[in-house]
Amino acid sequence: MLDQGAPPQDRTQAAPPSPGPAARLMRRKPVERLVAEGGHGEGGSLRRTLGLWQLTMISIGATLGTGIFVVLGEAVPKAGPAVTLSFVIAGLTALFSALSYAELAGTIPVAGSSYSYAYATMGELVAWVCGWCLVLEYGVSVAAVAVGWGEYLNELLDGTIGVTIPDALSAPPGDGGVFNLPALIVVLLAMAFLLGGARESARANTVMVVVKIAALVMFCAIGVQGLRSGNYENFMPLGMAGVSAAGATLFFSYIGFDAASTAGEEARNAQRDLPRAIMLSLVIVTALYVLVAAVAVGAKPWQRFGDSEAALAQIMREVTGQSFWGTLLAFCAVIAIASVVLTVLYGQTRILFAMSRDGLVPKVFSKVHPKTGTPRANTLIVSLFCGVLAAAIPLGQLADATSIGTLFAFALVNVAVVVLRRSRPEMPRTFRVPLSPVLPALGFAFCVWMMGSLSAVTWVVFGVWMAVGLVFYFGYGYRRSRLAVTAPSAASAPSEK
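For every chain, the first residue of the written sequence is number 1, and numbering continues from 1 onward in sequence order. Since the coordinates come from a predicted model, pLDDT governs what is reported: local features require at least 70, and pairs of side-chain atoms require 80 or more to be given and counted, while whole-chain, interface and lining totals use all residues. Hydrogens and water are ignored here; the side-chain numbers use all heavy atoms of the structure.

**Digging into the side chain of Ser 339**
Put simply, the rule is: Each helix corresponds to a stretch of at least 4 residues labelled H or I by DSSP, and each strand to a stretch of at least 2 residues labelled E; elements are numbered beginning at the N terminus. Any N or O atom pair separated by 3.5 Å or less is treated as a polar contact, with the protein-specific requirement of one donor-capable and one acceptor-capable atom, and with residues adjacent in sequence counted only for side-chain atom pairs.
In this structure, Ser 339 sits in helix α16 (residues 323-357). One polar contact links Ser 339 to Lys 212, side chain to side chain, over a distance of 2.6 Å.

In structure tokens:
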């Protein structure tokens, strides 16, 4: 006989309580589930065709270009000749974060990059914020790079056929134009390559990367002939504050090294090759940046760098007294910057692919075309958005907005690597950050410091962007998350195996 005085929970098996709002925001996606879903999309799967060489070229392709060909002209007036130190500081900040990226890329080899790492370690809300920052980092940087491409295209046209695209069609509103047509064109060209498939895009990128490295080596060989010791005098005219401000702007130049991590689901041996590609690309890019910057400020007084975004081509022309070399460099820059657009646009589409597969953004972004193995609709939507953005917004505003989104995402990656070490110490790791948690803590601190060097306007833009992202998350992703639909209580466990 049942005891009538017993409380109801003693007589029947109580259903486990559903997680509250706070727990739902902190639900984590198990690493094993992230890896198991790798490559799978709506209607098809991505294809594993990329090796170490292609992955390294993707990272170099996404990194080496705009920072030295275009943004250098924006950074030198802030730091003077000490812009070389700014590159070193930005590179050091990138290095600390690259170490964390390398460990996580080898441990969680998926397409979502730092978004997926945050999902596995810090929960869904933090992952969403990180992913939203990556949308800013990649999407806006595609637009910023495309703006610089138009500057060098005009240099090339002027040096070859003696005509340039009118300002009304080659500059955005606010910079003396109406619509930046070249910026839109280069984004559409990159879109065409990406629609052909990852392997074909990687081949085209490799050719462009070789051209851009050859161009920068050529610049150094010729530019060194124009060095003037007087140009290095008053090395730090605006003090350390100027060096820091320039470093924050130049951090835009390093955002591409993590592009290899977005290819985690298309790499043949992701756990082995992703960490190697990330570290190798960063070393090569940093060495070239510092060398080219040192030659550039030695060959041209720093006060004259604000008059053009195609500064390197102008220096070549001034040093040699001939238009041929400047035109040749402009040609190489057109190809080099196009490769940045291609690889960064690739990274953006793969991040949205991962977010869509998790249910946080619409399913259209994770649909895979069965013949090409590419997210075709995703690529079309992102390309058109970035192209219009590039055609309508000035470069400086785009570069700073990209930098703050990048720094925020990198800061979270440094936290994620420490959290995963503590929550899942038994997981196999093909690369380990040395001196952890000291180096990840330094990486986090450097990112926060450089974020503080950005302008108040940039922070306002960032705040508005984050507010829009949170509105979208709570209006769409919070309810449609696959973790919420399938196993909300289990998914919140931080150490599920």
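Structure shown, so let's carry the discussion forward.
**Some remarks on a nonpolar patch on the surface**
Using the following cut-off: Exposure above 30% relative accessible area and the absence of a salt bridge qualify a residue for a patch, where like charges join within 9 Å and nonpolar side chains (Val, Leu, Ile, Met, Phe, Trp, Tyr) within 5 Å. Accessible surface is estimated by sampling points in the Shrake-Rupley manner with a 1.4 Å probe; for residues, cover comes only from the protein chains shown. The term salt bridge refers to a pairing of a side-chain nitrogen on Lys or Arg with a carboxyl oxygen on Asp or Glu at a separation within 4 Å. Three exposure classes are used, based on accessible area relative to the maximum for each residue type with a 1.4 Å probe and protein chains only: buried under 20%, partly exposed in between, and exposed over 50%.
Taken together, the side chains of Leu 169, Val 178, Phe 179, Leu 181, Ile 185 and Leu 189 define a hydrophobic patch exposed on the protein surface, amounting to about 500 Å² of accessible area. Among the secondary structure elements, Leu 189 is positioned in helix α11 (residues 181-196). The class for Leu 189 is partly exposed, based on a relative accessible area of 47%.

**What to know about the pattern of salt bridges**
One pass over the structure, following the stated rule, counts 13 salt bridges. Residue Arg 482 is joined to Glu 37 by a salt bridge in which the shortest nitrogen-to-oxygen separation is 3.6 Å. On the criterion of sequence distance, the pair formed by Arg 482 in helix α21 (residues 482-486) and Glu 37 in the loop between α3 (31-36) and β1 (40-41) is long-range, its members being 445 residues apart. Relative accessible area serves as the criterion here: at 12%, Glu 37 is assigned to the buried category. Across the pair Arg 304 and Glu 318 runs a salt bridge whose closest N-O atoms are separated by 2.9 Å. In this pair, Arg 304 is assigned in the loop between α14 (270-299) and α15 (311-320) and Glu 318 in helix α15, connecting sequence segments 14 residues apart. Accessibility expressed as a relative area gives 38% for Arg 304, which makes it partly exposed.

**Focus on the packing of aromatic side chains**
Selection rule: Geometry of aromatic contacts follows a simple scheme: Phe, Tyr and Trp rings, the Trp one being its six-membered ring, pair when their centres are within 6.5 Å, and the pair is stacked under 30 degrees between planes, edge-to-face over 60, tilted otherwise. Charge-over-ring contacts are defined here by two conditions on Lys NZ or Arg CZ: a distance within 6 Å of the ring centre and an angle within 35 degrees of the ring normal.
For the structure on display, the rule yields 18 aromatic pairs. Ring plane angle 45 degrees and centroid distance 5.9 Å describe the contact between Phe 474 and Tyr 478, whose orientation is recorded as tilted. With Phe 474 and Tyr 478 both in helix α20 (residues 456-480), this residue pair falls four residues apart, about one helical turn. Among the aromatic residues, ring-to-ring pairing joins Trp 128, Trp 132, Trp 465, Phe 472, Tyr 473, Phe 474, Tyr 476 and Tyr 478 into one connected group. Seen from the ring of Tyr 478, Arg 27 lies directly overhead, with NZ or CZ sitting 5.5 Å from the centre.

**Section: α16**
How we decide: What a helix is expected to span follows from its residue count: subtract one and scale by 1.5 Å.
Between its first and last C-alpha atoms α16 spans 51 Å; for 35 residues at 1.5 Å apiece the expected length is 51 Å, and the two agree. With 29 of its 35 residues buried, α16 lies for the most part within the structure. Following α16 by one or two positions, Gly 359 adopts a phi angle in the positive range, close to 90 degrees.

**Considering the environment of Arg 276**
The residue Arg 276 is located in helix α14 in this model. The class of Arg 276 is partly exposed, set by a relative accessible area of 46%. Spatially, the C-alpha atom of Arg 276 lies 7.5 Å from that of Leu 52, the residues being 224 residues apart in sequence.

**Looking at a positive patch on the surface**
We count it as follows: In this tally, Asp and Glu contribute negative charge and Lys and Arg positive charge; neither His nor the terminal groups of the chain are included. The location of each charge is read from NZ of Lys, CZ of Arg, CG of Asp or CD of Glu.
On the surface, a cluster of positive charge is made up of Arg 47, Arg 199, Arg 203 and Arg 268. Note that Arg 268 resides in the loop between α13 (239-250) and α14. Residue Arg 268 is classed as exposed on the basis of its relative accessible area, which comes to 55%.

**Details of the side chain of Ser 59**
Cut-off, in case you're wondering: In this description, contact between two residues means that some pair of their heavy atoms is separated by no more than 4.5 Å.
If you trace the backbone, Ser 59 turns up in helix α4 (residues 52-63). A residue is classified by how much of its surface remains accessible, and Ser 59, at 0% relative accessible area, is buried. Once residues lying within four places of it in the same chain are set aside, the contact partners of Ser 59 are Gly 256, Phe 257, Ala 259, Ala 260, Ala 277 and Ser 281.

**A word on unusual backbone geometry**
With the exception of glycine, most residues fall at negative phi, and the peptide bonds are largely trans. The omega angle of the peptide bond from Ser 436 to Pro 437 is 10 degrees, so this bond is cis rather than trans. Relative to the assigned elements, Pro 437 resides in the loop between α18 (395-423) and α19 (438-452). With a phi close to 50 degrees, Asn 234 is a non-glycine residue in the positive phi region. Within the secondary structure, Asn 234 is located in the loop between α12 (198-223) and α13. Its identity is not glycine, yet Leu 435 carries a phi of approximately 55 degrees, on the positive side.

Note that all results are geometric; they support no functional claim without further evidence.
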